[in-house]
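For reference, the chains in residue letters:
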Amino acid sequence: MPRPADPALPAIVILTGAGISQESGLATFRDPDGLWQRHRPEELATPEAFARDPALVHGFYNARRAQLRGVSPNAAHLALAELDARWPGELLLVTQNVDDLHDRAGSKRLLHMHGALREARCTRCAAVLPWEEDLSTATPCPRCGTAGGLRPNIVWFGEMPVGMDRIGRALDRCDLFVSIGTSGLVYPAASFVAEVRGRARTVELNLEPSAGSALFDEARHGPATALVPALVAELLARCG
Ligand code: APR
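Residues numbered from 1 in each chain as written. Predicted model: local features only at pLDDT ≥ 70, side-chain atom pairs only at ≥ 80, totals over all residues. Heavy atoms only, no water.

Caption draft 1: Spotlight on the overall build of the chain. Of the regular secondary structure elements, the chain holds 9 helices and 9 strands. The C-alpha atoms of the chain give a radius of gyration of 18 Å, which matches the 18 Å a tight globule of 240 residues would have. By its C-alpha atoms, the chain is 55 × 40 × 30 Å across when sized along the principal axes. Counting across all 240 residues of the chain, residues that qualify as buried make up 50%. When contacts within the chain are restricted to residue pairs at least 6 apart in sequence, long-range pairs at least 24 apart make up 63% of them. Roughly 11,000 Å² of accessible area belongs to the chain as shown, and the carbon and sulfur atoms make up 55% of that amount. (Helix = DSSP H or I, 4+ residues; strand = E, 2+ residues; numbered from the N terminus. Rg over C-alpha atoms; globule rule 2.2 N^0.38 Å. Buried < 20%, exposed > 50% of the residue type's maximum accessible area, 1.4 Å probe, protein only. Contact = heavy atoms within 4.5 Å. Areas by Shrake-Rupley, 256 points an atom, 1.4 Å probe, with all protein chains shown as cover.)

Caption draft 2: Just the packing of aromatic side chains, in detail. Overall, the coordinates contain 7 aromatic pairs when judged by the stated rule. Measuring from ring centre to ring centre gives 5.9 Å for Trp 36 and Phe 60, while their planes differ by 25 degrees; the resulting arrangement is stacked. With Trp 36 in helix H1 (residues 35–38) and Phe 60 in helix H4 (residues 54–67), the pair connects residues that are 24 residues apart, well separated along the chain. Given a relative accessible area of 15%, Trp 36 falls into the buried group. Here the aromatic cluster, defined as three or more aromatic residues joined through ring pairs, consists of Phe 29, Trp 36, Phe 50, Phe 60, Tyr 61, Trp 156 and Phe 157. Between the NZ or CZ atom of Arg 151 and the centre of the ring of Trp 156, over which it lies, the distance is 3.8 Å. (Phe/Tyr/Trp six-rings, centres within 6.5 Å; stacked < 30°, edge-to-face > 60°. Lys NZ or Arg CZ within 6 Å of the ring centre and 35° of its normal.)

Caption draft 3: Layout of the sheet that holds strand S5 (residues 128–130). An order of S5-S4-S6 is seen for the 3 strands of this open sheet, with the pairing classed as antiparallel. With partners counted over all chains shown, the strands left at the sheet margins are S5 and strand S6 (150–154), one partner each. On average, each strand axis in the sheet is tilted by 45 degrees relative to the strand beside it, whichever way the strands run. Across 4 bridges, strand S4 (residues 115–122) lies against S6 in antiparallel orientation. For Arg 121, the partnering residue across the bridge sits in S6 and is Arg 151. Contacting S4 and S6, H4 runs over the sheet at an angle of about 55 degrees to S6. (Pairing = 2+ DSSP bridges. Axes fitted to C-alpha atoms, helices over the stretch in contact; angles between N-to-C directions.)

Caption draft 4: Local environment of the pairing of strand S2 (residues 91–95). The element S2 is largely enclosed, with a buried count of 5 among its 5 residues. Going residue by residue along S2, you find Leu 91, Leu 93 and Thr 95 tucked away on one face and Leu 92 and Val 94 tucked away on the opposite face as well. Pairing between S2 and strand S3 (residues 110–112): 3 bridges, direction parallel. Bridge pairing in S3 places Val 94 opposite Leu 111.

Caption draft 5: Region of the structure containing the site of the ligand. Neighbouring the ligand are 23 residues, the closest being Phe 29, Arg 30, Trp 36, Thr 182 and Ser 183. One nitrogen or oxygen atom from the side chain of Glu 23 is found 3.0 Å from a nitrogen atom belonging to the ligand. The residue inventory of the shell around the ligand, partitioned by class, reads 8 nonpolar, 11 polar and 4 charged. (Near = heavy atom within 4 Å. Polar contact = N/O pair within 3.5 Å; in protein donor to acceptor, adjacent residues only side chain to side chain. Nonpolar A, V, L, I, M, F, W, Y, C, P; charged D, E, K, R; others polar.)

Caption draft 6: Looking closely at the nonpolar core. Membership of the largest hydrophobic core comes to 24 residues, with the highest contact counts inside it found for Ile 14, Ile 180 and Val 228. Residue assignment for this core shows that the elements contributing at least two residues are strand S1 (12–16), helix H5 (75–86), S2, strand S7 (176–180), strand S8 (201–206) and helix H9 (224–238). In terms of residues, this core owes the most to one element, H9, which gives 7 residues. In contact with Val 228, other than residues within four places in its own chain, are Ala 76, Ala 79, Leu 80, Ile 180 and Leu 205. (Core = buried A, V, L, I, M, F, W, Y, C linked by side-chain atoms within 4.5 Å.)

Caption draft 7: Quick look at the environment of Glu 43. Along the chain, the position of Glu 43 falls in helix H2 (residues 41–44). Take Glu 43: its relative accessible area is 36%, and that puts it in the partly exposed class. Separated by 10 residues in the primary sequence, Glu 43 and Asp 53 have C-alpha atoms spaced 8.5 Å apart. Discounting residues that sit within four places of it in the chain, Glu 43 has contacts with Ala 49, Arg 52, Leu 56 and Val 57.

This is how it looks when you write it as structure tokens:
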């Protein structure tokens, strides 16, 4: 049951990207050491790529899923989880990330708009299942039993992100929009700031100016593990 909106406290929408997980040891996509510097996204992160070479795509996501076992939430994830627990007003954390670091940090009012590495989806029976191990074309679906239909429950380029109705409602109501650790290059997430600017205060926390930096009322540049706890402390000071 969502908390009743408190008119004295701003309704908050937070968008995160790969930059918030970088200090936990997970590569971003477009930094010099990023995933898309080593791989071509059209070969790994599209439905066509999966149809063309499912073993290659499974291998890419199996390696990223396995890497989650060796990383932990950092101070930025933990600060957002504390805000989630203590903020009496409306709040929604929308992440583009498919890692589970926000979940493990304890954020509850959380939406993975690009899916989750630790889930599989069956293209035959549409089941969405928690998934820890490697996936392959030989893996049978635990729900319908057929093999060859399971895919990572990840939103690939050209596919519809998850939860857009809920995100739209939250953006319509938000008084404060905070973007953290994203290059602002991938839509629809990159359009959220333009959607709310002028009626919500907009803040960017990023290592360097993102593509959309000029659209924000305020931009703070530096590592997320420094910037996010500081902003959360400012917000929590308002609600005692
Ligand atoms: N603290 C704060 N920001 C950081 C840090 C850090 N420690 N390290 C990197 N950044 C910033 C970078 O400056 C960059 O602007 O995080 C951003 C990461 O940008 P991308 O690598 O493009 O990742 P993201 O914006 O999440 O990508 C969006 O693209 O490939 C698709 O689906 C994928 O969800 C992903 C989407």
